[in-house]
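The primary structure of each chain is shown beneath.
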Amino acid sequence: MVRIQAAELFERGVKAPEVARRLRVSPKSAYQWHELGREGGAGALASRGPSGSRCRLSPRCLEKPAVYLEQGPAEHGRVEDQVWTAARVATLISRKFPVSYSVSGATRLMHRLGFGPQVPARKVAERDEQAVTAWKEATWAEVKERGRPAGATSASRTRQASPAGRPKDAPGADGAAPLS
């Protein structure tokens, strides 16, 4: 879309630095687009689609992983917990299809299929709300690390302290050279 806008501006005689400013892109991009437009016309500036490698699963096979993920991990041999991790999804795909995915590729595939980070759809039935509230009020207040007071920090430069300012029993207080 931005490239097409750039092509329209170039056709009106707008210079590349001004195109870059108006479209909030780098001047280098504007100059490259200008050159592409001169050589190949506005069609050369059309988007070529998303970059990167294509999906390894055919469009027909792409529906099946979503079905498998909906069935849950237990249905596919993961009985210890009910969590789909990217590594588990990659393993599932390599078992069910003649392709393999890396962990990051499995993550991208899951997002493409509409699956995001796992968040429980509902609260656990055994959850004791009173115990959770009591823990938050009592234990969490003790465990939570308190931040520094506003006046305790400094943004000034630091320099090595002089030996005279050190406590008598501190390392290097006897005038010996510091270790490097």
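Quick look at the structure, then. Bear in mind that the values here come from a model prediction, so they are computed numbers and not experimental data.

1. Some points on the overall build of the protein chain
Step number 1: Along the backbone of the protein chain there are seven helices and zero strands.
Step number 2: Of the regular secondary structure in the protein chain, the N- to C-terminal order runs α-α-α-α-α-α-α.
Step number 3: With 180 residues in all, the protein chain has 22% of them scored as buried.
Step number 4: Of the contacts formed within the protein chain by residues at least 6 apart in sequence, a portion of 40% connects residues at least 24 apart.
Step number 5: For the protein chain, the exposed surface amounts to about 14,400 Å²; the carbon and sulfur share of it is 53%.

2. Quick look at helix α6 (residues 103–112)
Step number 1: Turning to α6, its buried residues are G105, A106, L109 and M110. Buried residues along α6 cover an arc of 140° about the axis, so they all sit on one side.
Step number 2: Buried residues belonging to α6 abut α4 (63–71) and α5 (86–96).
Step number 3: A positive phi of about 95° marks G114, the residue just after α6.

3. Describing the pattern of salt bridges
Step number 1: Tallied over the entire structure, the rule returns four salt bridges.
Step number 2: For E18, the salt bridge is made with R22, and the minimal N-O distance between the two is 3.0 Å. Highlighted residues: E18 and R22, both in helix α2 (residues 16–23), separated by four residues, approximately one helical turn.
Step number 3: Here R38 and E35 are joined by a salt bridge, their closest N and O atoms 2.3 Å apart. Residue R38 and its partner E35 are both found in helix α3 (residues 27–40); the two are separated by three residues, about one turn of the helix.
Step number 4: With a relative accessible area of 56%, R38 lands in the exposed category.

4. Observations concerning helix α1 (residues 2–11)
Step number 1: When we look at burial in α1, the residues that qualify are A6, A7, L9 and F10. End-on, the buried residues of α1 take up no more than an arc of 165°, which puts them together on one face.
Step number 2: Each element contacted by the buried residues of α1 is listed here: α2 and α3.
Step number 3: Just downstream of α1, G13 is the residue with a positive phi angle, here 90°.

5. Some words on the packing of α1 against α2
Step number 1: α2 packs onto α1 with a crossing angle of 140° between their chain directions and a minimal axis gap of 10 Å. Relative to α2, the element α1 is oriented oblique. Between α1 and α2 lies a crossing of right-handed hand. Residues V2, Q5, A6, L9 and F10 of α1 form the contact with α2, whose own contacting residues are A16, V19, R22 and L23.
Step number 2: Residues belonging to the contact of α1 with α2 are distributed by class as follows: seven nonpolar, one polar and one charged.

6. Structural notes on the side chain of H76
Step number 1: Within the secondary structure, H76 is located in the loop between α4 and α5.
Step number 2: A polar atom in the side chain of H76 sits 3.4 Å from the backbone oxygen of Y68.
Step number 3: For H76, the residues in contact, after removing those within four places along its chain, are Y68, Q71, W84, L92 and K96.

Calculation rules
- Residues numbered from 1 in each chain as written.
- Predicted model: local features only at pLDDT ≥ 70, side-chain atom pairs only at ≥ 80, totals over all residues.
- Heavy atoms only, no water.
- Helix = DSSP H or I, 4+ residues; strand = E, 2+ residues; numbered from the N terminus.
- Buried < 20%, exposed > 50% of the residue type's maximum accessible area, 1.4 Å probe, protein only.
- Contact = heavy atoms within 4.5 Å.
- Areas by Shrake-Rupley, 256 points an atom, 1.4 Å probe, with all protein chains shown as cover.
- Arc of directions from axis to C-beta.
- Salt bridge = Lys/Arg side-chain N within 4 Å of Asp/Glu carboxyl O.
- Axes fitted to C-alpha atoms, helices over the stretch in contact; angles between N-to-C directions.
- Parallel < 35°, antiparallel > 145°, perpendicular 65-115°, else oblique.
- Left-handed = near helix turned anticlockwise from the far one by under 90°.
- Nonpolar A, V, L, I, M, F, W, Y, C, P; charged D, E, K, R; others polar.
- Polar contact = N/O pair within 3.5 Å; in protein donor to acceptor, adjacent residues only side chain to side chain.

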